[in-house]
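# Working through the structure, step by step
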Amino acid sequence: MDLSRCSLNSVTIKGSGFTEVADLAEKWGFGGVGLWRDVLEDLDLTGAATRLRQSGLRVSSVCRGGMFPQPTATQRRKTMDDNRIAVDQAHALDADCLYLVCGAAYGDLAGARRQVWDGIAELEPYARAAGVRLAVEPMHPMMASSRSVITSLQEANDLVESIDSDLVGIGIDSYHVWWDVHLSKEITRAGDKLFSVQLADWITPIHGELSSRGMPGEGCIDMTGFVTECERAGYRGLVEVEVLSDRWWAETALVATEAAAEGLARI
């Protein structure tokens, strides 16, 4: 892939600050950056947005909002307050979307899914006022107890369609959905609601559900086919490389960025 069509996600070079992420993306010719919110702490967002514009870099995503299921009303209110802050950050950076990692089950799976629907519906008017798109991310089923009860692209499509807002769509990560027998059909179904596409490869055996991902081409996922399916469905945004990996985090940011660029070049 042409790196100008791609985005370097900050978590791929975890531990790097905003300036280093932007500098490396610019150096390697990426078209944008995806930013986890840890790099936004105490950051002058107006200055950061200016820095990115001057370099010709887009913010393809901010990660994350969500985590809607909570065991008490007080915790739900705190979560919604944090979601509004995330929307404000995405707005300040003119991000293509804010990712929603929807949240885990708390003993009541059906109830958790209802809280996800209610939370997105409550957040939508605030996001609309800010002009921020919300991208629901379906996650691998192994993460239902820790990160999200939305565990397939079909379920995410059902959720998005039921909310029925032009600002609520899908953020799709190859790592979470590659295994799905219905993937091609559901990517087509998402269509213009496909707000973001992320790449990370599946390497076995995994040593943890979160941080044993591979750079594109290191594992068993057909990355070329995955990107092609998304583009055939109408996706025209930047393709992010978002690799959570203890192995790559042990390398320097420069080495990890080079590996990401080389992986993308193989697609």
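Right, let's walk through the structure included here. What you are looking at is a predicted structure, and each value in this text was computed from that prediction instead of being measured. Position numbers for residues count from 1 along each chain, tracking the sequence in the order it is written. Side-chain atom pairs in this predicted model are given and counted only at pLDDT of 80 or more, local residue features only at pLDDT of at least 70, and totals for whole chains, interfaces and linings cover all residues. With hydrogens and water excluded, all non-hydrogen atoms of the structure serve as input to the side-chain values.

### Observations concerning the overall build of the protein
Rules: Helix and strand assignments follow DSSP, with helices taken as H or I runs no shorter than four residues and strands as E runs no shorter than two, numbered in order from the N terminus. Based on C-alpha atoms, the radius of gyration is set beside the globule rule, defined as 2.2 Å times the residue count to the power 0.38. When a residue's accessible area, from a 1.4 Å probe over protein chains only, is under 20% of the maximum for its type it is buried; when over 50% it is exposed; and in between it is partly exposed. Note on contacts: a residue pair is in contact if any heavy atoms of the two residues lie within 4.5 Å.
The helix and strand tally for the protein stands at 10 helices and 10 strands. Against the compact-globule benchmark of 18 Å for 267 residues, the protein has a radius of gyration of 17 Å, which places it among compact chains. C-alpha atoms of the protein, sized along the principal axes, occupy 45 × 45 × 35 Å. The buried share of the protein, taken over its 267 residues, is 55%. Excluding contacts between residues fewer than 6 apart, the proportion of contacts in the protein whose partners are at least 24 apart in sequence is 79%.

### Re the sheet that holds strand β3 (residues 58–66)
Counted only if it meets this: Each pair of strands is called paired provided DSSP finds at least two bridges between the two strands. Note on method: axes are straight lines fitted to C-alpha atoms, helices fitted across the in-contact stretch only, with angles between N-to-C directions ranging 0 to 180 degrees.
With parallel pairing, 8 strands are arranged side by side around a closed barrel as β1-β2-β3-β4-β5-β6-β7-β10. Each strand of the sheet is rotated relative to its neighbour by a mean of 30 degrees, with strand direction disregarded. Pairing of strand β2 (residues 32–36) with β3 involves 5 bridges; the strand directions are parallel. For Gly32, the partnering residue across the bridge sits in β3 and is Arg58. Across the sheet, helix α8 (residues 223–232) lies against β6 (168–173) and β7 (194–199), angled at about 170 degrees from β7, the strand it touches most.

### Some points on the packing of helix α7 (residues 183–190) against α8
Between two packed helices, what matters for the description is the angle formed by their axes and the separation of those axes. Going by this rule: A crossing counts as left-handed when the near helix is turned anticlockwise from the far one by less than a right angle, and as right-handed when that turn is clockwise. When residues are sorted by character, Ala, Val, Leu, Ile, Met, Phe, Trp, Tyr, Cys and Pro go into the nonpolar class, Asp, Glu, Lys and Arg into the charged class, and all the rest, Gly among them, into the polar class.
The interhelical angle for the contact between α7 and α8, taken along N-to-C directions, is 35 degrees, at an axis separation of 8 Å. Like other packed secondary-structure pairs, α7 and α8 cross with a definite hand, here right-handed. Counted together, Leu183, Ser184 and Ile187 of α7 and Phe226, Glu229 and Cys230 of α8 form the full contact between these two elements. Here the residues of the contact of α7 with α8 sort into 4 nonpolar, 1 polar and 1 charged.

### Some thoughts on the environment of Asp118
With respect to the secondary-structure elements, Asp118 resides in helix α4 (residues 109–130). Residues Asp118 and Phe68, spaced 50 residues apart in sequence, show a C-alpha to C-alpha distance of 8.3 Å.

### Digging into the pairing of β7
Counting buried residues in β7 gives 6 out of 6 residues, a clear majority hidden from the surface. Sheet topology note: the β6/β7 ladder contains 4 bridges and is parallel. Bridge pairing in β7 places Asp173 opposite Gln198.

### A closer look at the pattern of salt bridges
Our working definition: The term salt bridge refers to a pairing of a side-chain nitrogen on Lys or Arg with a carboxyl oxygen on Asp or Glu at a separation within 4 Å.
All told, the structure shown has 16 salt bridges when counted by the stated rule. Close ionic contact of Arg37 with Asp82 constitutes a salt bridge, the shortest N to O distance being 3.0 Å. Of this pair, Arg37 sits in the loop between β2 and α2 (45–55) while Asp82 sits in helix α3 (residues 73–92); the two residues are 45 residues apart in sequence, bridging distant segments of the chain. Under the relative-accessibility criterion, Arg37 is labelled buried at 15%. When the shortest N-O distance is used, the salt bridge between Asp173 and Arg213 registers 3.7 Å. Remark: Arg213 occurs in strand β9 (residues 213–214) and Asp173 occurs in strand β6; sequence separation between them is 40 residues. The pair formed by Asp173 and Arg213 is uniform in burial state, with each residue classed as buried. Residues joined by salt bridges that share partners form a network here, namely Asp158, Glu161, Glu186 and Arg189.

### Considering the layout of surface pockets
Which entries qualify depends on this criterion: Whether a set of points on the 1 Å grid over the protein atoms alone is a cavity depends on a 1.4 Å probe fitting there but being unable to get out, while an open set qualifies as a pocket with protein on both sides within 12 Å along at least five of seven lines; lining residues are those with an atom within 4 Å of a point. Grid points are joined across faces, edges and corners, and a volume is the space filled by probe spheres set on the points.
Estimated volume of the largest pocket: approximately 210 Å³. Residue lining of the largest pocket: 15 residues in total, with Trp36, Arg64, Val101, Arg147 and Leu210 positioned closest to the centre.

### Considerations on the packing of aromatic side chains
Let me state the cut-off plainly: Between rings of Phe, Tyr and Trp, where Trp is taken as its six-membered ring, a pair exists when centres lie within 6.5 Å; planes separated by under 30 degrees are stacked, by over 60 edge-to-face, and by other angles tilted. For a lysine, the NZ atom is tested; for an arginine, the CZ atom; a charge sits over a ring if that atom is within 6 Å of the ring centre and within 35 degrees of the ring normal.
In this structure the tally under the stated criterion is 2 aromatic pairs. Ring geometry for Trp178 and Trp202: centres 6.0 Å apart, planes at 50 degrees, overall tilted. Here Trp178 is found in the loop between α6 (174–177) and α7, whereas its partner Trp202 is found in strand β8 (residues 201–202), with 24 residues between them in sequence. Trp178 sits in the partly exposed class, given a relative accessible area of 30%. Three or more aromatic residues link up through ring pairs in this structure, and these residues are Tyr175, Trp178 and Trp202. The side chain of Lys14 reaches across the aromatic face of Trp249, ending 4.3 Å from its centre. Stacked on the ring of Phe195, the Lys or Arg Arg133 has its end atom at 4.0 Å from the ring centre.

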